[in-house]
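Chain by chain, the residues:
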Amino acid sequence: MKWIIDSDRPIYKQLVEQIELKIISGAYAPGDKIKSVRELAMEAGVNPNTMQKALAELERMGLVFAQRTSGRFITEDNKMIDEAKKTLAFKEIDGFFEKMKQLGFEKEEIIALIEKIEGDSHGHSES
Amino acid sequence: MAILRAKALTKKFGNLSALSNLDLDIPRGRIIGLLGPNGSGKSTFIKLATGLLVPTSGEITIGGATPGVETKAMVSYLPERTYLNDWMRAEDMMAFFGDFYEDFNRIKADNMLQDLNINPRDRLKTMSKGTKEKVQLILVMSRNAELYLLDEPIAGVDPAARDYILNTIITNYKENASVVISTHLIADIEQVLDDIIFISQGEIKLISTVDEIREKHNKSVDGLFREVFKC
Amino acid sequence: MLGKLLKYEIKATGRTFLPLYLALIVLTIITKVLLFVAIPDAVMVSESGSNFDLPLVISLSLYGTIIVALFVLTLIVIIQRFYKNLLTDEGYLMFTMPVQTWKLILSKLLTAILWTIVCGFAVAISIFILALGNFSMMELSQEIGKMYSEFQNQFGMSLNIIIGEGIMLMIVDIISSILMIYVAIAIGQLFNQHRILASFGAYIGITVILQIVMSLLTLLFPVFGMDYLMSSEMNEIAVMQIFINSVTVFNIICIAAFYFITNYILKNRLNLE
């Protein structure tokens, strides 16, 4: 997975989000060892202190834990990951509804629309 | 303790004030962007830190000492100019650095030459300006210094080399060392910076971390810079 | 560090001189051979104009050219190594290395002295080789021996003392001449524009000042003036000694002043373009 940093939001927040996404999507499996701060920073092309800050934030969120000698690991607590997944899903859906309401759709219309599009796309392909 | 400290630092050229009353602490373990339009005093500040210029008044210290032999051993400086002796080969320059800088890591330098496809046997005379700049950067980054002062390191290089340079700065990161990068091309380097120092007309206009700026102004440092300096 | 500086200084300059010294050796040999073939007995040459020989003329004029070239190049390299290596873009490297400024200057100076002496010796040896065979070595050494003993008898001292003092003056003069170039270049870079022109100006200025100082000195202390010395009761050798040694002392003072000023400017007033 590539790292994408946009220009107008704090970089460490974007790093937190992207690592979180990797954990939720399973790109990083529970219990996996995470690369060193320096390696991750290089991969993302960001400042090591910023990456450090992002990982500290993930630790605080409970998605990552540090072991004094051997480095950082993805949490093995699946419940924690599911929780994060749900939180993220709610956030995405909230955002989506917000936008659709701006376009003038009511809740029922939106749901109907989703079902229609979902049904259509299942008829054709999986994209 | 700060690696670099400036107190009421002032430099005048005749009647012209290049820097006036600058107070600044640069802590260790940071990557710092020194930003400002052309002629704002960035190069003057860096030259004062390297000892190439002597302050008119005020003082500047590196690791607690005023610029001299002791601080020059701690500072790795990349000037805007190419200072390489034309008649030498790249490998001669490596030997030269090895002779004069105890902290020069020849193996690292050789690896970097290889990464950038530069033949150490090539004479500098036959190299393009861009290649010479790369050789110079390799020399500077292959030192295990405590303070790196890079004056416009990415101005003339192609995007691939620029990425390599930024990567080198990241991999080279050490907790006891700081890197100061002076540039007007902020967008390219914003992601690797901890802090930025905005300087204009010889005075500091703003010191902040990159994320603080993004949080407060909802825009990138580059965006803010363009707005403030309209350039 | 001084040793390392010297190593690079000699490497950087040697590269320019090497071809010229090789050419000098080759030309000396060729000219010597041609001379030998054309005029086996050199004493005859001035009387018989018929010995005109084109290859020899060419070789001799080339030989003359190369000796002039050697002197000129030595001067150019002395100037160029100081100016280019310290005060152009290369200065950004030299002045940010952990080396004291006075060592940078000293490394340039020692190398400059070395090449001046090498140049002098090479030319002297080369001319000596060309002249070989035109005089008897035995007679020459007898002549020299005679000179020494006559001198001893007449003035009650060894000729070596005078020669030694003369050599001392020469060395001191070479050093102060080189440092005068350095100080002029250093003063030139104090200006924001036309630095090379300013350096020439500084050089001329220093020359004028030195002349004034010298005439003032002889005015204030007539003891050092040639007129006074000649009119005194002392013998000519004693007069010569006083003269040589006072010029030596004057040069040493100049050396100290030039070195100090150059170092001060490069350390505290440096402003690379």
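Residues numbered from 1 in each chain as written. Chains lettered and ligands numbered in written order. Predicted model: local features only at pLDDT ≥ 70, side-chain atom pairs only at ≥ 80, totals over all residues.

Time to look at the overall build of chain C. From N to C terminus, chain C includes nine helices and zero strands. From first element to last, N terminus to C terminus, chain C shows the α and β order α-α-α-α-α-α-α-α-α. The C-alpha atoms of chain C give 23 Å as radius of gyration, which overshoots the globular expectation for 273 residues (19 Å, by more than 25%). Each principal axis of the C-alpha distribution contributes one length, and for chain C these read about 65 × 55 × 35 Å. (Helix = DSSP H or I, 4+ residues; strand = E, 2+ residues; numbered from the N terminus. Rg over C-alpha atoms; globule rule 2.2 N^0.38 Å.)

Residue and element names in this part refer to chain C. Taking the numbering used here, the UniProt-annotated feature "transmembrane region" (unreviewed entry) corresponds to residues 20–40, 60–83, 104–132, 167–188, 200–225 and 237–261. Along residues 60–83 the backbone is 100% helical and 0% strand, and the end-to-end C-alpha distance reaches 34 Å. Annotation note: span residues 167–188, helix share 100%, strand share 0%, distance between end C-alpha atoms 32 Å. (UniProt positions renumbered as here; feature names shortened; annotations may be inferred.)

Turning next to the pairing of strand E1 (residues 4–13) of chain B. All names here are of chain B. Two strands pair when backbone bridges link them, and E1 and strand E2 (residues 16–26) are joined in this way by seven bridges, in the antiparallel orientation. Its bridge partner being in E2, Leu4 is matched across the sheet by Ile26. Taking the residues that link successive antiparallel strands as the turn, the E1-E2 hairpin has two residues, and the phi of Gly14 there is positive, at about 65°. Where E1 and strand E4 (residues 57–62) come together, five bridges link them in antiparallel fashion. In the sheet register, Thr10 faces E4, and the bridge partner there is Ser57. (Pairing = 2+ DSSP bridges.)

How large an interface is tends to be reported as the accessible area lost when its parts come together. With 19 residues of chain B in contact, the opposing surface of chain A contributes 15 residues. Of all the elements in the fold, those that place two or more residues in the side of chain B that touches chain A are helix H6 (159–171), helix H8 (210–217) and helix H9 (221–229) of chain B. Of the residues contributing to the side of chain B that touches chain A, the split by class is seven nonpolar, six polar and six charged. (Contact = placed C-beta atoms within 7 Å. Nonpolar A, V, L, I, M, F, W, Y, C, P; charged D, E, K, R; others polar.)

Here we come to the interface of chain B and chain C. At the junction of the two partners, chain B supplies 18 residues and chain C supplies 17 residues. Secondary-structure elements contributing two or more residues to the side of chain B that touches chain C are helix H2 (69–72) and helix H3 (90–100) of chain B. Sorting elements by how many residues they give to the side of chain B that touches chain C places H3 of chain B first, with three residues. Across the side of chain B that touches chain C, the residue classes break down as 11 nonpolar, four polar and three charged.

The next subject is the UniProt feature "domain: HTH gntR-type" (unreviewed entry) in chain A. When the UniProt feature table is mapped onto this chain numbering, "domain: HTH gntR-type" (unreviewed entry) sits at residues 9–77 of chain A. Across residues 9–77 of chain A one finds 54% helix and 12% strand; the C-alpha atoms that close the span lie 30 Å apart.

Glancing now at the arrangement of the chains. Counting contacts across all two pairs of chains that touch, the top-ranked interface belongs to chains A and B. Chain A shows no contact with chain C. Their nearest C-alpha atoms sit 28 Å apart.

A few words on the sheet that holds strand E7 (residues 178–183) of chain B. All names here are of chain B. One open sheet accounts for six strands, arranged E5-E6-E7-E3-E8-E9; its pairing is mixed. A strand with exactly one partner marks an edge of an open sheet, and here the two such strands are strand E5 (75–78) and strand E9 (203–209). Here the strands of the sheet are splayed against their neighbours by 15° on average, with no regard to which way each runs. Pairing analysis gives six bridges linking strand E8 (residues 195–200) to E9, with the strands arranged antiparallel. (Axes fitted to C-alpha atoms, helices over the stretch in contact; angles between N-to-C directions.)

Within a sheet, neighbouring strands are paired by backbone hydrogen bonds and run either parallel or antiparallel to one another. Residues and elements named next belong to chain B. Judged by pairing direction, the sheet is antiparallel, and its three strands sit side by side in the order E2-E1-E4 without closing on themselves. Because the sheet does not close on itself, it has two edges, and the strands there are E2 and E4. Averaged over all pairs of adjacent strands, the angle between strand axes in this sheet comes to 25°, irrespective of strand direction. Of the strands in this sheet, E1, E2 and E4 are in contact with helix H1 (residues 42–50), which crosses E1 at around 115°.

Residue and element names in this part refer to chain C. According to the domain assignment, chain C consists of domain 1 (1–44 + 51–135) and domain 2 (156–273). On a C-alpha basis, the centroid separation for the pair domain 1 and domain 2 is 24 Å. On the domain 2 side, the residues contacting the 16 residues of domain 1 number 15 residues. Counting only elements with at least two residues in the side of domain 1 that touches domain 2, the list comes to helix H2 (54–87), helix H3 (91–94) and helix H4 (101–131). If you tally residues by element for the side of domain 1 that touches domain 2, the top one is H4, at seven residues. Here the residues of the side of domain 1 that touches domain 2 sort into 13 nonpolar, three polar and no charged. (Domains from an automatic or database assignment.)

In this section: the packing of helix H1 (residues 11–25) of chain A against helix H3 (residues 48–61) of chain A. Residues and elements named next belong to chain A. Look at H1 against H3: their axes get within 8 Å of each other, and the N-to-C directions meet at 55°. By the angle between their axes, H1 is oblique relative to H3. Crossing hand, H1 versus H3: right-handed. Every residue of H3 that contacts H1 at Ile11, Tyr12, Leu15, Val16, Ile19 and Glu20 is listed here: Thr50, Met51, Lys53, Ala54, Glu57 and Leu58. For the contact of H1 with H3, the residue count by class is eight nonpolar, one polar and three charged. (Parallel < 35°, antiparallel > 145°, perpendicular 65-115°, else oblique. Left-handed = near helix turned anticlockwise from the far one by under 90°.)

The next point concerns the nonpolar core. Among the nonpolar cores identified, the biggest contains 127 residues, and Leu149 of chain B together with Tyr182 of chain C are the most heavily contacted of them. With sequence-adjacent residues up to four places away left out, Leu149 of chain B is seen in contact with Ile46, Ala49, Thr50, Val75, Tyr77, Leu78 and Val180 of chain B. (Core = buried A, V, L, I, M, F, W, Y, C linked by C-beta atoms within 7 Å. Buried ≥ 20, exposed ≤ 12 C-beta atoms within 10 Å, placed from the backbone.)

Residue and element names in this part refer to chain A. The domains assigned to chain A are domain 1 (11–76) and domain 2 (79–124). Placing the centre of domain 1 and that of domain 2 at their C-alpha centroids yields a distance of 28 Å. Each partner contributes to the interface: domain 1 provides seven residues, whereas domain 2 provides five residues.

Residue and element names in this part refer to chain C. Put simply, chain C has an average pLDDT of 89, and 92% of its residues get 70 or more. Counted against residues more than four places away or in other chains, residues 43–50, with its pLDDT under 50, gives three contacts. Overall fold confidence for the complex sits at a pTM of 0.89, while the interface term, ipTM, reaches 0.94. (pLDDT = per-residue confidence, 0-100.)

Side chains that are three or four residues apart share a direction in an α-helix, a result of its 3.6 residues per turn. Along H8 of chain B, the positions that sit buried rather than exposed are Val210, Asp211, Ile213 and Arg214 of chain B. For H8 of chain B, the angular spread of buried residues about the axis comes to 160°, placing them on one side. The inward-facing, buried residues of H8 of chain B abut H1 of chain A together with E8, E9 and H9 of chain B. Of the residues trailing H8 of chain B, Asn218 of chain B is marked for its positive phi of about 55°. (Arc of directions from axis to C-beta.)

What follows covers the environment of Leu113 of chain A. Tracing the chain through its elements places Leu113 of chain A in helix H5 (residues 107–124). Considering only alpha carbons, one finds Leu113 of chain A and Lys101 of chain A, 12 residues apart in sequence, at a separation of 13 Å.

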